[in-house]
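Each chain, letter by letter, is given below.
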Amino acid sequence: MDISMKRRTLLKVIVLGDSGVGKTSLMNQYVYKKFHRQYKATIGADFVTKELQIDDKLVTLQVWDTAGQERFHCLGAAFYRGADCCVLVYDVNVSKSFETLQNWHEEFLKQADPTDPEAFPFVLLGNKIDVDGGNSRAVSEKKAREWCASKGNIPYFETSAKEDYNVDEAFLCIAKTGMINE
Ligand code: GTP
Ligand code: MG
């Protein structure tokens, strides 16, 4: 089949999670294959796009990177609306970033107001698994998977933006999960 004949799908993906968990780093690794050691807080929100092919469909992932810092939480409903998938990110070495997932999850559903909140696609990423060879982990994989199960079986990936571990796999799942309603 001619590539121009293929169906094109645009998927809007919103990435949420506490400041410093690695949202921007995961996106930079996925799209540009780059990792920066130095932390530069995201201000407001910005998006990057990546084209991928899934089966016979051409998919444009439009990934929205958001600011984790409290003082930038002013995006609101207009921004979340129309999202096809919400990616929640926490740092496996920081308990607090796992505990606040609950708030991010609730806040997203409140703002995005999808027709069927129970069925809305989420994906959870536990990032920075490379740190100290895994010895500084504060949240076990089991605990994370239990939370995912309690939220209607959210897919879960453990990632390292630094080592480029599981990043492509996670985003492929994100794209597939977001296509459920296409
Ligand atoms: P905000 O924009 O403030 O919401 O933060 P963020 O979630 O975008 O975090 P960011 O990607 O800026 O990463 C924060 C810091 O963690 C940076 O210094 C990154 O280099 C570092 N970092 C991100 N991912 C990883 C990882 O997988 N492993 C390690 N060791 N460091 C990481
Ligand atoms: Mg950022």
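These numbers were taken from a predicted model, which means no experiment stands behind them.

Student: Would you mind going over the sheet that holds strand 3 (residues 57-66) with me for this structure?
Tutor: Remark on secondary structure: sheet strands pair via backbone hydrogen bonds, oriented parallel or antiparallel. Pairing in this open sheet of six strands is mixed, and the strands run 2-3-1-4-5-6 from one edge to the other. Either end of the sheet is taken by a strand with one partner, and the two such strands are strand 2 (45-54) and strand 6 (156-158). Looking at each pair of strands side by side, their axes are set apart by 25° on average, direction ignored. Here three bridges tie strand 5 (residues 122-127) to strand 6, and the two strands are oriented parallel to one another. Residue pairing in the sheet places Gly126 in a bridge with Glu158 of strand 6.

Student: Explain the environment of Leu52 here, please?
Tutor: With respect to the helices, strands and loops of the structure, Leu52 is situated in strand 2. Note: C-alpha distance between Leu52 and Lys23 (29 residues apart in sequence) is 20 Å. If sequence neighbours within four positions are ignored, Leu52 has contacts with Tyr30, Lys57, Leu58, Val59, Leu61, Leu172 and Ala175.

Student: Sorry if this is basic, but what is going on with the coordination of the magnesium ion (ligand 2) here?
Tutor: Octahedral metals with six donors have ideal donor angles of 90 or 180 degrees. Tetrahedral metals with four donors have an ideal donor angle of 109.5 degrees. For the magnesium ion (ligand 2), every protein donor is listed as Thr24 (OG1) and Thr42 (OG1), and the spread of their distances is 2.0 to 2.1 Å. Of this pair, Thr24 sits in helix 1 (residues 23-32) while Thr42 sits in the loop between helix 1 and strand 2; the two residues are 18 residues apart in sequence, bridging distant segments of the chain.

Student: What is the right way to read the site of ligand 1 from this model?
Tutor: Surrounding ligand 1, one finds 25 residues, the nearest of these being Ser25, His36, Tyr39, Gly68 and Asp130. Between an oxygen atom of ligand 1 and a main-chain N or O atom of Arg37, the distance comes to 2.8 Å. Notes on ligand 1: free accessible area 650 Å², of which the protein chains cover 91%. Here the shell around ligand 1 gets three residues from one element, more than from any other, and that element is helix 1. Here the shell around ligand 1 is composed, by residue class, of seven nonpolar, 12 polar and six charged.

Student: It is not clear to me how the nonpolar core should be interpreted in this structure. Could you clarify?
Tutor: Generally speaking, nonpolar side chains in soluble globular proteins are found buried as a group. Counting 28 residues, the largest nonpolar core has Leu61, Val63, Leu125 and Phe171 as the members making the most contacts within it. Top contributing element to this core by residue count: helix 6 (residues 167-178), with six residues. Discounting chain neighbours no more than four positions away, the residues touching Val63 are Val13, Val15, Met27, Asp46, Phe47, Val48 and Phe171. Judged by nonpolar contacts, the second largest core, of 25 residues, contains Leu109, Ala112, Leu124 and Tyr156.

Rules used throughout
- Residues numbered from 1 in each chain as written.
- Chains lettered and ligands numbered in written order.
- Predicted model: local features only at pLDDT ≥ 70, side-chain atom pairs only at ≥ 80, totals over all residues.
- Heavy atoms only, no water.
- Pairing = 2+ DSSP bridges.
- Helix = DSSP H or I, 4+ residues; strand = E, 2+ residues; numbered from the N terminus.
- Axes fitted to C-alpha atoms, helices over the stretch in contact; angles between N-to-C directions.
- Contact = heavy atoms within 4.5 Å.
- Donors = N, O, S within 2.8 Å, 3.2 Å for Na, K, Ca; no water.
- Near = heavy atom within 4 Å.
- Polar contact = N/O pair within 3.5 Å; in protein donor to acceptor, adjacent residues only side chain to side chain.
- Areas by Shrake-Rupley, 256 points an atom, 1.4 Å probe, with all protein chains shown as cover.
- Nonpolar A, V, L, I, M, F, W, Y, C, P; charged D, E, K, R; others polar.
- Core = buried A, V, L, I, M, F, W, Y, C linked by side-chain atoms within 4.5 Å.
- Buried < 20%, exposed > 50% of the residue type's maximum accessible area, 1.4 Å probe, protein only.

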